[in-house]
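Examination of the molecular architecture
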Amino acid sequence: MPGFYGAIGCDQDLCEDLRMHFSTPWGECEHVRLPAGVMGGHAFGQMKALHSLEDGTHFAVDGERIIYQVEAAPYRFSPTLELSEKCKGNVAIATKDLWHLASDWSGGFPLYYAHTPGGFLFCSRLRPLAQLLRPELDLVGLRQFFHACYLMSGRTFYKGISRLMPGQILSYDPSRNQLRIAETSKAWVGLEHRSPVEAWGDLMGAVANSLDIHCRNALMMSGGWDSRTLLAAATNVLGSENLFAYYHGGQDSSEGRIANDICYSLGVNFHHESLNMTSFDLDFLRRGFNRTETVVYPEWHHAGQFLSSIGIECASSGVFGEILGGHYSRTMLCNGAKKLPTFLMQMFGVNSSTASIFDLLRIKHVVGPWGMKPELWGKLTELKDAMNGDIESSMQRFSDRGVQTSDQLVEAFITEYRGSQYINAQVLSCRAYIDVSIPFADQKFFTHASKIPLVRKLHNALNRRMLQQYSPVILHPPTAAAPISASMPILVQELARLFRHVVERKGNLHSIGWWNWEFLRNGTALNAIVDDLELDFWDKKLILNKVAACQANERESIGQLMRRLLMMYTVDLTLRK
């Protein structure tokens, strides 16, 4: 994954080791030696990650493809540091007096930092910092990852190494060895109504700001609303001939046919890639991890490799489109019988108290994650209290920023964690091989979408109105969630969604959705992953028994086990010496 690194006030040997660890997956990378420090980076092709200004300031960029084409500094001091609205990603700045790290309001690109008694270090990847500092394991962060595949409140797997959160600006004073963090994001602060015309205009601007007209662009397709909406906008801005649609899934899935029909309706070239064992080769997984620090989505690593092989330079996806579609709502936090009344409350615009939202988010019970030895965890009640403390501090951070309504608090929380870290890891996995763009994370679009009342966008109501006006042909194919025309009213869509769930429960799972991991049923790939786990806290016997059970019983979900093992493998590769 492209990125940057830096250190100031540290031993020269430590700076050199950081440069070496960062560069290893790529070979030689850019770097510049500065007074008492170093800064370096990597970008694909002829792009540059490092830049310098006439006043002696040096800065590094990391993010979507467009950020590497900066003709001027993507920030300004007025008098505080502000990122440009078109800057999607992270910026590191070394001035004569202060060093700064800044993250855009979506936080879609990771950036880690460590403040030590001697100085300050940062890197776009976690492992190079951990290899140098050898910090203590943070069990709270580790448990959070296995709970929901994201970490809260800037935690990482290590004590003493933190992640810069969305919209934060960190300023470091080398002369005093002091840092401070400022919050800049205005997302979810206030409410505003956006008409379909205004929302479409915002989306056109977002696509124009994100997609590089000078290179071939691939769009990761599905049968859902986010990629469909993005495809319509991208076709409008770039033309169908400049787009390449990529879909991965079982060849017999209905969603694959839906995605093909959507692309056909707009004349966009469509490619259907089957899921297969290629993505699970251990050397392939390790190579992808070394560049992106995740193997949770190996099929997306494979997509990046394939797209690069045919000359595609940039891939984009509909991640963060969930905000416009009203997906990240209170119903995501409810189970069973609580879902219907919560859904009805949202439909009629009934808000909940902050206390009730925290109660929905609060973790009631913590157990040691499956597949790990229980002696690792110590007192689980302390883990639970620490995790709930992070939830509470996150809610307080949003409130301090000015987020007020319960719907917006929920949406901000889910976006900042699940969206930025878990869902966004899909398209970031492509960065092992090619650049990416994230149009829905455009600051203007992202902010406007966050301020639209949930009742106006729930269940993609606003998407539907936009497309009815500007790209009606794309509504003829159904969605994967509801197998009827996407132009149908929301109530009819929801009844169709219910029908789909009934069909799935009767065993026709693979005929509708994109997933089909049955080629893993023989256990070869999964057993190889288990055998390669090195850390001593895995209960390998238990894990292998589960793999064997999935081999023997087709009703056991092979897909769920596969994702769990890939989370374990991600942790194992991260924490290895």
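About the cut-offs
Residues numbered from 1 in each chain as written. Predicted model: local features only at pLDDT ≥ 70, side-chain atom pairs only at ≥ 80, totals over all residues. Heavy atoms only, no water. Helix = DSSP H or I, 4+ residues; strand = E, 2+ residues; numbered from the N terminus. Rg over C-alpha atoms; globule rule 2.2 N^0.38 Å. Contact = heavy atoms within 4.5 Å. Areas by Shrake-Rupley, 256 points an atom, 1.4 Å probe, with all protein chains shown as cover. Lys, Arg positive; Asp, Glu negative; His and termini not counted. Charge placed at Lys NZ, Arg CZ, Asp CG, Glu CD. Pairing = 2+ DSSP bridges. Axes fitted to C-alpha atoms, helices over the stretch in contact; angles between N-to-C directions. Disulfide = S-S within 2.5 Å. Buried < 20%, exposed > 50% of the residue type's maximum accessible area, 1.4 Å probe, protein only. Expected span 1.5 Å × (residues − 1). Arc of directions from axis to C-beta. Polar contact = N/O pair within 3.5 Å; in protein donor to acceptor, adjacent residues only side chain to side chain. Phe/Tyr/Trp six-rings, centres within 6.5 Å; stacked < 30°, edge-to-face > 60°. Lys NZ or Arg CZ within 6 Å of the ring centre and 35° of its normal. Core = buried A, V, L, I, M, F, W, Y, C linked by side-chain atoms within 4.5 Å.

1. What to know about the overall build of the protein chain
Within the protein chain one finds 21 helices and 19 strands. Here the C-alpha radius of gyration of the protein chain, 23 Å, is about what a compact globule of 577 residues would show, namely 25 Å. Structurally, the protein chain occupies a C-alpha span of about 65 × 55 × 50 Å along its principal axes. Taking contacts inside the protein chain between residues at least 6 apart in sequence as the whole, the part at least 24 apart equals 70%. In the structure as shown, the protein chain presents an accessible area of about 22900 Å², 53% of it carried by carbon and sulfur atoms. Charge-centre separation for the protein chain: the mean point of 56 positive side chains lies 5 Å from the mean point of 58 negative side chains.

2. Observations concerning the sheet that holds strand β11 (residues 120-123)
The strand order across the open sheet formed by six strands is β2-β3-β1-β11-β10-β12, and the pairing between neighbours is antiparallel. With partners counted over all chains shown, the strands left at the sheet margins are β2 (30-34) and β12 (162-163), one partner each. In the sheet, strand β10 (residues 112-115) pairs with β12 via two bridges, with the strands oriented antiparallel. Its bridge partner lying in β12, Tyr112 is registered against Arg163. Sheet strands in contact with helix α1 (residues 12-23) are β1 (3-8), β2, β3 (37-42) and β11, and its direction is about 175 degrees off that of β1.

3. Looking at the state of the cysteines
Throughout this description, disulfide means a covalent bond between two cysteine sulfur atoms. In total, this model carries zero disulfides according to the counting rule given. Here Cys29 is not disulfide-linked; the sulfur of Cys123 is the nearest cysteine sulfur, at 10 Å. Accessibility expressed as a relative area gives 8% for Cys29, which makes it buried. With no disulfide of its own, Cys149 lies closest to Cys430 among cysteine sulfurs, the gap being 16 Å.

4. Focus: the sheet that holds strand β18 (residues 314-316)
Pairing in this open sheet of five strands is parallel, and the strands run β17-β16-β15-β18-β19 from one edge to the other. Since the sheet does not close on itself, it has two edges, and those belong to β17 (269-273) and β19 (435-437), each with one partner. Averaged over all pairs of adjacent strands, the angle between their axes in this sheet comes to 30 degrees, without regard to strand direction. With three bridges joining them, β18 and β19 adopt parallel strand pairing. Note that in β19 the partner of Cys314 across the bridge is Asp435. Contacting β15 (217-220), β16 (243-248), β17 and β18, helix α8 (residues 298-309) crosses the sheet at an angle of about 145 degrees to β16.

5. Here we look at helix α6 (residues 254-265)
Its 12 residues give α6 an end-to-end C-alpha distance of 17 Å, which sits within 8% of 16 Å, the value for a rise of 1.5 Å per residue. Taken as a whole, α6 has its buried residues at Glu255, Gly256, Ile258, Ala259, Ile262 and Cys263. The buried residues of α6 occupy one face: seen down the axis, they fall within an arc of 160 degrees. Trailing α6 by a residue or two, Gly267 shows a phi angle of about 70 degrees, which is positive.

6. A word on unusual backbone geometry
Leaving glycine aside, a negative phi is the common case for residues, and trans is the common case for peptide bonds. In this model, Ser78 is joined to Pro79 through a cis peptide bond whose omega is -10 degrees. Within the secondary structure layout, Pro79 lies in the loop between β6 (75-77) and β7 (81-83). Of note in the backbone geometry, Ala36 takes a positive phi value of approximately 65 degrees without being a glycine. Mapped onto the secondary structure, Ala36 falls in the loop between β2 and β3. By relative accessible area, which is 54% here, Ala36 ends up exposed. Its identity is not glycine, yet Phe320 carries a phi of approximately 75 degrees, on the positive side. Mapped onto the secondary structure, Phe320 falls in the loop between β18 and α9 (321-324).

7. Concerning the side chain of Asp62
The residue Asp62 is located in strand β5 (residues 58-63) in this model. Taking the relative accessible area as the measure of exposure, Asp62 reaches 0% and is therefore buried. At a separation of 3.0 Å, a polar atom in the side chain of Asp62 contacts the side chain of Tyr68. Within polar-contact distance, the side chain of Asp62 engages the side chain of Ser124 at 3.5 Å.

8. Thoughts on the packing of aromatic side chains
For the coordinates displayed, the defined rule picks out 26 aromatic pairs. Seen in terms of ring centroids, Tyr75 and Phe77 are 5.7 Å apart; in terms of plane orientation they differ by 80 degrees. Their pairing is edge-to-face. Under the relative-accessibility criterion, Phe77 is labelled partly exposed at 42%. Chaining the aromatic ring pairs together yields one cluster made of Phe4, Trp99, Tyr113, Phe120, Phe122 and Tyr172. A cation over an aromatic ring shows up here: Arg228 above the ring of Trp225, its NZ or CZ 5.5 Å from the ring centre.

9. What about the nonpolar core?
Counting residues in each nonpolar core, the largest one holds 147 residues, and the members touching the most others are Phe157, Leu231, Leu307, Phe413, Trp538 and Val571. Tallying contributions element by element places helix α21 (residues 558-575) first for this core, with 11 residues. Not counting the four nearest positions on each side in its chain, Trp538 is found in contact with Phe146, Gly371, Met372, Lys373, Leu533, Ile543, Met568, Val571 and Asp572. Of all hydrophobic cores here, the second largest spans 17 residues; its members include Ile8, Leu34, Leu111 and Leu164.

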